[in-house]
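Structural characterization, general
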Amino acid sequence: MTDAQSFYGRWARVYDWIANAPGVTAWRDRTAEALALAPGDTVVEMGCGTGANVPALRERVGKSGRIVGIDVTREMLDRAGERRRRTGEGVHYVQADASRPPVRAADAVLATFVAGIFEDPAAAVDAWCDCVAPGGRVALLNFQRSPSALAAPLNLAFEGFVRLSAPGTRLSARSHASAFERRVRAARERLTARTVDRRYETLTGGYLGLLSGTVP
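Keep in mind that what you see is a predicted model, and the values were worked out from it rather than measured.

**Describing the packing of helix α3 (residues 24–34) against helix α4 (residues 54–61)**
Closest axis-to-axis distance for the α3/α4 pair is 9 Å, and the angle between their directions is 40°. Put simply, α3 runs oblique to α4. Crossing handedness for the pair α3 and α4: right-handed. Note on element contacts: α4 touches α3 through Ala-56, Leu-57 and Arg-60, opposite Arg-28, Asp-29, Ala-32 and Glu-33. Looking at the contact of α3 with α4, its residues break down into 3 nonpolar, no polar and 4 charged.

Structure follows, in structure tokens:
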């Protein structure tokens, strides 16, 4: 966890730029839609980074709703606080370990691009489901390699991306991408076991997988 804090602390501004690159907004909107939010809801984002998802969430919970962003890296949260569209009444940022979130009875939980960095992703998903009141939804958005035969060059790039973006994690396999995907798969399997009314879809040519479900 210390390694991750150090890495993301150094690269918070670059991460923020990438998180708002052209085309990314559509992913965030689709993920927010998967939560089936309503005005007045409370939604918690695990590993919120610089708060790039806040505008999409705010649009759906309205002024009466509440958004709680949890991240272990202070520099990320400071960067979120500098962005006007990611702050305001009803938006709260908490420095904490997203695998042990200090929240209860939320209407929804969102985790984008974080499930693969935890040593025990299934336990993290259990904690997230425990945070949600019955009838609330949990959504996981993650990068993955595409099964398309035309995607081989980009799949090689994905390997490099994982090596750079998973600091301090014990990805002991020869392929970091394979180890990363095993963690993502473990998170998805646990969410599948814990929820009903599940939906899965791929985005961006199969390079993104979005799984969501309702906590019974």
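We are not done yet, so read on.
**Side note on the nonpolar core**
One finds Val-44, Met-46, Ile-70, Val-109, Trp-128, Val-138 and Leu-140 to be the most contacted residues of the largest nonpolar core, which totals 26 residues. Taken together, the elements giving at least two residues each to this core come down to β1 (42–46), β2 (66–71), β4 (106–112), α6 (121–131), β5 (132–143) and α8 (176–194). It is α6 that contributes the most residues to this core, 6 residues altogether. Other than its neighbours up to four places away in sequence, Val-138 contacts Leu-35, Val-109, Cys-129, Val-132, Leu-191, Leu-211, Ser-212, Gly-213 and Val-215. Core analysis: the second largest hydrophobic core is formed by 20 residues, Leu-35, Val-54, Ala-108 and Leu-141 among them.

**Thoughts on the confidence of the model for the protein chain**
Scored by pLDDT, the protein chain has a mean of 83; 75% of the residues are at 70 or more. Within the model, pLDDT remains below 50 along residues 6–12, and this stretch shows 13 contacts once partners closer than five positions in the same chain are excluded.

Conventions used here
Residues numbered from 1 in each chain as written. Predicted model: local features only at pLDDT ≥ 70, side-chain atom pairs only at ≥ 80, totals over all residues. Heavy atoms only, no water. Axes fitted to C-alpha atoms, helices over the stretch in contact; angles between N-to-C directions. Helix = DSSP H or I, 4+ residues; strand = E, 2+ residues; numbered from the N terminus. Parallel < 35°, antiparallel > 145°, perpendicular 65-115°, else oblique. Left-handed = near helix turned anticlockwise from the far one by under 90°. Contact = heavy atoms within 4.5 Å. Nonpolar A, V, L, I, M, F, W, Y, C, P; charged D, E, K, R; others polar. Core = buried A, V, L, I, M, F, W, Y, C linked by side-chain atoms within 4.5 Å. Buried < 20%, exposed > 50% of the residue type's maximum accessible area, 1.4 Å probe, protein only. pLDDT = per-residue confidence, 0-100.

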